[in-house]
Structures are given as structure tokens and as C-alpha cells.
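# A look at the structure
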Amino acid sequence: MVTLLLSLVIIYQGERYEIPEVSGYVNVADLQEVIGFSTRWDREKKFLYIKKNMELKLMPDNTFFEAGKEVYQLSKPMKLIEGKLMLHRETLPELLSLLTGEEFFEKGGTIYAGRNVNVLGVDIEEKKGVTKVKIKIKGNLRFYYEGKDTLWKLTIFDAVPTPGMVLIPKGFVKKVKMEEKENYILFTFVIKDGNKDVDVRKDKDAIIFEVKEREKREIKTIVIDAGHGGKDPGAIGPSGLKEKYVTLDVAKKLAAILKRKGFNIIMTRTDDTFIPLKERTRIADEARADLFISIHCNAVPKRKKKEVKKGVEVYFLSAAKTDWERAVEARENSSIEFEKTNSVPVPELEYILWDLAQNIFLEESSELAIAIQEELCKTTGLYNRGVKQANFYVLRLNYMPAVLVEIGFISNPHEEKLLKSSSFREKIAEGIARGIERFVREYEKKY
Ligand SMILES: [Zn+2]
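Rules behind the numbers
Residues numbered from 1 in each chain as written. Predicted model: local features only at pLDDT ≥ 70, side-chain atom pairs only at ≥ 80, totals over all residues. Heavy atoms only, no water. Phe/Tyr/Trp six-rings, centres within 6.5 Å; stacked < 30°, edge-to-face > 60°. Helix = DSSP H or I, 4+ residues; strand = E, 2+ residues; numbered from the N terminus. Buried < 20%, exposed > 50% of the residue type's maximum accessible area, 1.4 Å probe, protein only. 1 Å grid on protein atoms, 1.4 Å probe; cavity = no way out; pocket = protein on both sides within 12 Å on 5 of 7 lines; lining within 4 Å. Points joined across faces, edges and corners; volume = space filled by probe spheres on them. Nonpolar A, V, L, I, M, F, W, Y, C, P; charged D, E, K, R; others polar.

## Quick look at the packing of aromatic side chains
Here the structure, examined in full by the defined rule, presents eight aromatic pairs. Both rings, one in Tyr12 and one in Phe104, keep their centres 5.7 Å apart while their planes meet at 20°; by these two values the pair is stacked. Remark: Phe104 occurs in the loop between α2 (92-100) and β11 (105-107) and Tyr12 occurs in strand β1 (residues 5-12); sequence separation between them is 92 residues. For Phe104, a relative accessible area of 5% puts it in the buried group.

Take a look at the structure:
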């Protein structure tokens, strides 16, 4: 008899192990050191009990075994060779998956585990001028995409693909490539012609990358976000005027004007309630709105109370640049302090992703900001402080052009007085509406 002396490689929880293998069989004791389970050998009955997440009961030379209360069958039975209990390598993925509750699989002679496979497969289908790449996933995986013209990239985080996935280009997808990185996978798509519409979205158990003939793009749905509310008053003016009150009224007036013009309006709040920043962005993303307008009043920081500032600023997203932009950013983001209940620190990577997710819309956001800034100053006569960039929480995560309008300084006694007047707030709403309309006209000409 020829015995082959080899070793079996197991990748478990990121570590690489080599255990001796004899004619395809490995010693249970060697496996135990790698996986860390407990064993009990009933000499009389010849039962081997192995326990980790679940208990398995095996017998030498018997292909049937029990896991929990279920009976399973192995392709090759456990053997008792020279006093050692041995399992065949072929049976390990099934046995170890049941034992640990993790997914083990074999690829090129190596056994992998430690992380569950959560990308199950990719289908590319073509139907009536729409090419749909369906990436079937398990659970809720975060993804991010960017691209232009013919080249698009889709990153799926914490993804573990099924080994040996096949990708066959079809329809508008001319080439497709998948790369496995440490904790993400990257798909690269090459699209036929540069004049297609690409949409990436999460469906029930799939991430869909869809390519179709470019449609005429229209702006229909606008989210209006009245800053602050409820227990978060926002900035407070010298005579006691609260930002949350002014922003809500301007938001309502703006909504009324835009509704008359035929837009579909969604408001993040319509009364004096506290809405966490995360919830505001969720509302916008879920509505798949076309524009997001957040309304706020400006104020100088408390320690610089003597400083008098005036005028209008419109912001779009970026990492803050000047000290002033940073100060405004800190103040508007401070609403998070009111969200103590779920204030989980956000890792650095997430911030970067949010920035990147917005990249596609940065150019449009900046055009929207300029249009609102100019029209608002023209309509109200307020001082034009220019368009600025800051890293506002509420502007992240929105897959649409998004701006934050600082409609004037509530800390400035003169502007506080103006903000107190309902007719002036009507003017502000009109100015913002004009800016939006101007942007929409220019935008729809492009598509
Ligand atoms: Zn504010």
C-alpha cells in the first residue's frame, strides 16, 4: 500500500495552519488545535462527540453522523487508524461548518473559513435595452460606486465572494472584472458608449448595477430640511429668537411655493420635533429625491459674541477648509449632541466614503449652491458672503445634489429682526425657490 504523506492547509480566522495528512485523512486531534473544539470519546460505544457551536456525534467506519438532532451522511466515514481518529479532508467543509456555525469551503486544496461567504453569485441579464448586473448578497453589505462615461467601479465592503465566481459580460456591459482585496471586493465595469445611464441600488438580496439608454433627466422630488427642532433649538438670537422656529417657517413657505410650481416636496419635519441628522439623510435617500435643501440660520460662536457678521452663505459638502467654515460646520453638526442615545463614533473610513459617495454630485451641488446664493441675495438684499464648502453631516449620504443654506445671522440684531418678520421670511423662501428653478432649468438643458 502506498501512503501519501502530505499536509492540509487550513485558513481559519485569517491564520494559516498546516496539518499532516495521510491518504486524504487528518487527525481529529490536529484539527482540534486549529479550530478549538472539545472532544469526548466513548470507548465502549465507539462514539466520538465533538463540540463547539454545535455537538456532533460520529462513529468510526459509519458514514452517518448526528449534528444536534439531525442525521447527516458523509461521503467517507471517520476511521480509527493506529489508535487515532481520522477524518477525510473531503468531509471537513461540511463537518466544520456544522460544528462552528461558520462557513467552511475548499478551494484549490485549501480549506477556508472564519468569515462567512456573503457574495453568492453574479448574474448579468439583458432585457429591452436594460442591462442588469445582479450581485446576490447575504445580509446588509455597504457599497459605494463611482464612475463616468464608460468606466464604473463598484466597491462592496466586508464582502467574501463564493470562490470561482464567473462573470460573463453581456448587453451594455462590455467588460467586467472582480478583484478581491483584504476586506472589500472591487468590480470594474466597462460600458458600451459613454451615453448610458448607470444606476446602482440595493434590492432585497442583491446589489443591482443597471445600465440603460439615457433618459431625459428631470428634477421632480425635492427634500426640504428645516434645521434643528424639538429639544435642539439651534442658534438663539440676542432677543431670544430661536433658529428652529425660523427654519421651520421658511421651509414651509418654500414648500408651498415649490408645490405651486409642480414639484413633489418631502419635508424632514413639519412641526417642532427633534429629528436626528441621520434620520434626515435617511428620509432623503429613501425617497430617492432629486435635490436636498437644508435650511439654517447663521451665528457667530459664543466666545466671539462681539463680532458682528451678516449675510447669506450657501454650503455644499467637502472637508472644511477655512477656520470660519470649520466653525459653522462644528455648530451645525453639534445637533448630534442631542442624539446621545445612539451616538456611536463613526470610523474614519466611513467619513471618507461619505465624501466619495457625494463626489458624483459635487459639481451639481456647487452649481445649485451658486444659483441659490445669487437669487437669494438678489431677492432679499442680504449681503452675499459667497458659496462655501464644509463637511456637514446632513449633507452626507445623500445620493443627490445637496446644499445647506444659511439664510442670515440670527446673532446679528439687525438680521434677527428681519428673520422675525413673516414677510421677510416669505422673501427668503422666494429667493431660494428662484435659485432652485434656475438650477433646474440649467440642469434639464444638459440632459
Ligand atoms: Zn443650524
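After that view, the rundown keeps rolling.
## Details of empty space enclosed by the protein
In the structure shown here, the tally under the stated rule is two cavities of 30 Å³ or more. For the largest cavity, the calculated volume is near 50 Å³. Lining the largest cavity are Val28, Leu31, Phe37, Ile50, Leu56, Leu87, Leu92, Leu95, Leu96 and Leu99. For the lining of the largest cavity, the secondary-structure elements that each account for two or more residues are α1 (28-35) and α2. When residues of the lining of the largest cavity are assigned to their parent elements, the largest contribution, four residues, is made by α2. Classifying every residue of the lining of the largest cavity by side-chain character gives 10 nonpolar, no polar and no charged. Its boundaries defined by the atoms lining it, the second largest cavity holds a volume of some 30 Å³. Of all elements in the fold, only α4 (277-287) and β23 (291-298) reach the threshold of two or more residues within the lining of the second largest cavity.

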